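Chain residues, written in single-letter form:
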Amino acid sequence: MFEIDFAEFPSTSAEASGRFFERAFGWAVTPYGPDYTDVRAAGLTLGFQSDPAEQTHAPLLTIRTDDLAAAREAVEAAGGEVTREPFAFPGGRRFHFREPGGSELAVWCPVD
């Protein structure tokens, strides 16, 4: 199973980004410390990353899977390049990759 269920955006203030979407649209906000906030919209969760060391330069589309290792094999076999090795975060593990056209995306798994 592979489904897009998350998009992460760079932010100068994860807290302010979360407050904005909560106030503007009534979406549920889950803060994960001072530098990261999840915002649950209808059918998609938006993440806001304000830690400069963790930010991507553009929005990061994230694909959910049940098997992170198999997803990595599939990405590499299809010509993708892993740009960030698998790492743990609150909620699971993920890795980042660049597809042949140059866009960076991520694959995550709630349990590895």
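Notes on the structure in this doc start here. None of the values given here were measured: they were computed from a predicted structure.

**Topic: the packing of aromatic side chains**
Logical step 1: Scanning the model with the defined rule gives seven aromatic pairs in all.
Logical step 2: Here the aromatic rings of Phe21 and Trp27 are separated by 5.7 Å at their centres, their planes lie at 0 degrees, and the arrangement is stacked.
Logical step 3: Overall, Phe21 belongs to the buried group, its relative accessible area being 18%.
Logical step 4: Taken together, the aromatic side chains of Phe9, Phe20, Phe21, Trp27 and Phe48 make up a single cluster linked through ring pairs.
Logical step 5: The residue whose ring lies beneath Arg84 is Phe87, and the NZ or CZ to ring-centre distance is 3.8 Å.

**With respect to the environment of Glu81**
Logical step 1: Looking at the element boundaries, Glu81 is found in strand β6 (residues 81–89).
Logical step 2: The spacing of Glu81 and Ala41 is 40 residues in sequence and 30 Å in space, taken between C-alpha atoms.
Logical step 3: Sequence-distant contacts of Glu81, that is, excluding residues within four places in its chain, are made with His96, Phe97 and Arg98.

**Some details on the side chain of Thr65**
Logical step 1: Counting through the fold element by element, Thr65 comes out in strand β5 (residues 60–65).
Logical step 2: Since its relative accessible area comes to 3%, Thr65 is described here as buried.
Logical step 3: At 3.2 Å, the side chain of Thr65 forms a polar contact with the backbone nitrogen of Asp67.
Logical step 4: When residues no more than four places from it in sequence are discounted, the contact partners of Thr65 are Met1, Phe2, Ala71, Val107, Trp108, Cys109 and Pro110.

What counts, and where the lines are drawn
- Residues numbered from 1 in each chain as written.
- Predicted model: local features only at pLDDT ≥ 70, side-chain atom pairs only at ≥ 80, totals over all residues.
- Heavy atoms only, no water.
- Phe/Tyr/Trp six-rings, centres within 6.5 Å; stacked < 30°, edge-to-face > 60°.
- Buried < 20%, exposed > 50% of the residue type's maximum accessible area, 1.4 Å probe, protein only.
- Lys NZ or Arg CZ within 6 Å of the ring centre and 35° of its normal.
- Helix = DSSP H or I, 4+ residues; strand = E, 2+ residues; numbered from the N terminus.
- Contact = heavy atoms within 4.5 Å.
- Polar contact = N/O pair within 3.5 Å; in protein donor to acceptor, adjacent residues only side chain to side chain.

In short, the description is geometric, and any link to function would need to be established separately.
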